[in-house]
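Each chain, written out:
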Amino acid sequence: GSSYYLNYDNLYNKPDVSDRNIVTKNTLDSSNNLTISTNIQDLSGIFYNSISPSKNISKIMINLKLTYFCSVAYKERINIELWRENTLLSKDINVGCINATGGFTNSYSINMIDVPGSIDPQKYYIKYQLENNNSGIEQGIVNINTELINSNVNGSSCLTLYEL
């Protein structure tokens, strides 16, 4: 096998990646998606990104970052799902605080590799579901839109797809 040594050349003489398929989407279509419902919320039309792999065996690195608001009352956590087309790739359940906080805002991120097995365009998106909502307060995904408004960034979300 071959060895990889960490040295000056490896750190500072970066390879040319101009031919890489990288799609970053951080200007998304909504500022917040809040609900009082415990039904699954499909954000495929709001929080999504697409990539067309160059080969059937291509690996896609997915970097997802979002901000959520939940835990107003006891057991009001959130489940966050990452989807490709109609395939569930990842599901994190009960994200947030089990205890009542009056409202808990935090960031969520996931990095993973997917092998879609096709050169057709692949759409990645999120869904979420509230565990409970006894408080009746809207909760969900916040600060989605990262558009620059009055010289201030209005959010912190991104969905980057990178063909390896």
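Residues numbered from 1 in each chain as written. Predicted model: local features only at pLDDT ≥ 70, side-chain atom pairs only at ≥ 80, totals over all residues. Heavy atoms only, no water.

Asks: What am I meant to see in the side chain of Lys-127 here?
Replies: In this fold, Lys-127 is placed in strand 9 (residues 122-130). Look at Lys-127: it is buried, it has no salt bridge, and the nearest opposite charge is Asp-42 at 4.3 Å. Those residues in contact with Lys-127 that sit more than four places away from it in its chain are Ile-40, Gln-41, Asp-42, Asn-79, Ile-80, Glu-81 and Trp-83. (Helix = DSSP H or I, 4+ residues; strand = E, 2+ residues; numbered from the N terminus. Buried < 20%, exposed > 50% of the residue type's maximum accessible area, 1.4 Å probe, protein only. Lys, Arg positive; Asp, Glu negative; His and termini not counted. Salt bridge = Lys/Arg side-chain N within 4 Å of Asp/Glu carboxyl O. Contact = heavy atoms within 4.5 Å.)

Asks: Where do I start with a nonpolar patch on the surface in this structure?
Replies: Together, Ile-113, Val-115 and Leu-164 give the surface a local cluster of nonpolar side chains, amounting to about 270 Å² of exposed area. Residue placement: Val-115 occurs in the loop between strand 8 (104-114) and strand 9. (Patch = residues over 30% accessible without salt bridge, like charges linked within 9 Å, V, L, I, M, F, W, Y side chains within 5 Å. Areas by Shrake-Rupley, 256 points an atom, 1.4 Å probe, with all protein chains shown as cover.)

Asks: Can you help me understand the pairing of strand 4 (residues 48-51) in this one?
Replies: Looking along a regular strand, one sees side chains alternate from face to face of the sheet. Taking every second residue as pointing to the same face, the buried face of strand 4 carries Asn-49 and Ile-51, while none of Tyr-48 and Ser-50 on the other face is buried. Looking at chain direction, strand 4 and strand 9 are connected through 4 bridges and run antiparallel. Residue Asn-49 lies in a different strand from strand 9, and its bridge partner there is Tyr-124. (Pairing = 2+ DSSP bridges.)

Asks: Which parts of the structure should I look at to understand the nonpolar core?
Replies: Generally speaking, a soluble globular protein has its nonpolar side chains buried in company with each other. Counting residues in hydrophobic clusters, the biggest one holds 24 residues, and the most contacted among them are Leu-64, Leu-66, Tyr-68, Ile-78 and Ile-141. Elements with a contribution of two residues or more to this core: strand 5 (60-70), strand 6 (78-84), strand 8, strand 9 and strand 13 (158-163). For this core, the leading source of residues is strand 5, giving 6 residues. Beyond its immediate sequence surroundings of up to four residues, Ile-141 is in contact with Asn-32, Asn-33, Leu-34, Leu-43, Leu-66, Thr-67, Tyr-68, Ile-78, Ile-126 and Tyr-128. (Core = buried A, V, L, I, M, F, W, Y, C linked by side-chain atoms within 4.5 Å.)

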